[in-house]
Amino acid sequence: MPARGKLIVLEGLDKAGKSSQCKQLAAKLAAQGLKVNAISFPDRTTPIGRMIDAYLKGDDQQDDHAIHLLFSANRWEVAAKIRADIDAGINVVIDRYYYSGCVYSAAKNSDSLGLAWARKPDEGLPRPDAVIFLGISQEEAAKRGGWGGEKYETKAIQDRVRELFVQLQSVEPEKQDFVRIDAGQDLEEVAEDVWEAVQKVFKRVDLHGEALRVV
Ligand code: 2DT
Ligand code: MG
């Protein structure tokens, strides 16, 4: 029986280089003759994704809880496809997942929307075999130039997101899943570290015949 696909997530703040690392990782896996499907959240192309896009661009307003649930629903609408891919031996590389979902919502500091509440709607989603966290210092992020004009692209939110990512990674099960990489290095060095981490995950999962878990 062929090995199942692996579920690898890349996470981090804006400007950490997630999208380009995801692309490179998917290309490297494909170059090894492995099947790979690269996706990103939010997926702005679905009807729910279009509502999220309008919210992020400031064209529409949403209650903090309501938009949070839309981000989660945007993952649930592809959850079955992710699971089917993994079962079929296709590796899935994801740019942002429910970790961004938790920290960006909780960064709004609403009393009724903490990390624990934020995590609930995502419980039951396919759990990644590893989450590669591209960590970048404030100074390095600042060097990479300004953010765009979207909803969370302000210093106050980014600072809070940074703190909350640390909090989220300090408790199980997230603690177990996160692999931290210094994304302040040259792109090539970051790509090498990502590749090394991913190879370890492949070995671990295949060696123990680990099944895909749930969040
Ligand atoms: P991109 O810049 O990667 O397109 O993300 N976000 C993302 C949330 O608030 N909740 C989520 O569940 C996800 C996946 C992070 C757009 C912004 O959307 C935020 C940045
Ligand atoms: Mg962004």
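Predicted model only: the values in this text are computed from it and were never measured.

Visitor: Tell me about the overall build of the protein chain, residues and numbers included.
Guide: Within the protein chain, the regular secondary structure consists of nine helices and seven strands. The C-alpha radius of gyration of the protein chain comes to 17 Å, within 12% of the 17 Å expected for a compact globule of 215 residues. Structurally, the protein chain occupies a C-alpha span of about 50 × 35 × 30 Å along its principal axes. For the protein chain, buried positions account for 35% of its 215 residues.

Visitor: How would you sum up the site of ligand 1? Please name residues and give values.
Guide: By nearness alone, every residue bordering ligand 1 is listed as Asp 14, Phe 41, Pro 42, Leu 56, Phe 71, Arg 96, Ser 100, Gly 101, Tyr 104, Ser 105 and Tyr 152. Residue contributions to the shell around ligand 1 peak at four residues, all from helix α4 (residues 98-106).

Visitor: Would you mind going over the UniProt feature "domain: Thymidylate kinase-like" (unreviewed entry) in the protein chain in detail, with residue names and values included?
Guide: Within the UniProt annotation, "domain: Thymidylate kinase-like" (unreviewed entry) is assigned to residues 10-193. Span residues 10-193 is 51% helix and 14% strand, its end C-alpha atoms 12 Å apart.

Visitor: So what about the sheet that holds strand β1 (residues 7-12)? Which residues, and what values?
Guide: The strands that make up a sheet pair up through hydrogen bonds in the backbone, lying either parallel or antiparallel. Strand order in this open sheet of five strands is β2-β3-β1-β5-β6, and the pairing throughout is parallel. The sheet is open, and its two edges are formed by β2 (36-40) and β6 (178-182), each paired on a single side. Averaged over all neighbouring strand pairs, the angle between strand axes comes to 20°, with direction disregarded. As paired elements, β1 and strand β5 (residues 130-135) share five bridges and run parallel to each other. Note that in β5 the partner of Leu 10 across the bridge is Ile 132.

Visitor: So what's going on with the packing of helix α2 (residues 47-57) against helix α3 (residues 64-87)? Residues and values would help.
Guide: At their nearest, the axes of α2 and α3 sit 9 Å apart, and the two run at 140° to each other. Where α2 crosses over α3, the two elements pack in a sense that is left-handed. Only Ile 67, Leu 70, Phe 71, Ala 73, Asn 74 and Glu 77 of α3 make contact with α2, whose side of the interface consists of Ile 48, Gly 49, Met 51, Ile 52 and Tyr 55. Tallied by class, residues from the contact of α2 with α3 come to eight nonpolar, two polar and one charged.

Visitor: Got a sec to walk through the nonpolar core? Specific residues and values, please.
Guide: Core analysis: the biggest nonpolar cluster contains 42 residues, and Val 93, Val 103, Ile 132 and Leu 134 have the highest contact counts within it. Ranked by residue count, the leading element in this core is α4, at six residues.

Visitor: Help me get a handle on helix α7 (residues 155-168), residues and values and all.
Guide: With 14 residues, α7 should reach 20 Å at 1.5 Å per residue; the first-to-last C-alpha distance of 20 Å fits that figure. Every buried residue belonging to α7 is among Leu 164, Phe 165 and Leu 168, and all of these are buried. Down the axis, α7 shows its buried residues gathered within 105° of arc, on one side only. In α7, the exposed residues that point more than 90 degrees away from the buried face are Lys 155, Ala 156, Glu 163 and Val 166.

Parameters at a glance
Residues numbered from 1 in each chain as written. Chains lettered and ligands numbered in written order. Predicted model: local features only at pLDDT ≥ 70, side-chain atom pairs only at ≥ 80, totals over all residues. Helix = DSSP H or I, 4+ residues; strand = E, 2+ residues; numbered from the N terminus. Rg over C-alpha atoms; globule rule 2.2 N^0.38 Å. Buried ≥ 20, exposed ≤ 12 C-beta atoms within 10 Å, placed from the backbone. Near = placed C-beta within 6 Å. UniProt positions renumbered as here; feature names shortened; annotations may be inferred. Pairing = 2+ DSSP bridges. Axes fitted to C-alpha atoms, helices over the stretch in contact; angles between N-to-C directions. Left-handed = near helix turned anticlockwise from the far one by under 90°. Contact = placed C-beta atoms within 7 Å. Nonpolar A, V, L, I, M, F, W, Y, C, P; charged D, E, K, R; others polar. Core = buried A, V, L, I, M, F, W, Y, C linked by C-beta atoms within 7 Å. Expected span 1.5 Å × (residues − 1). Arc of directions from axis to C-beta.

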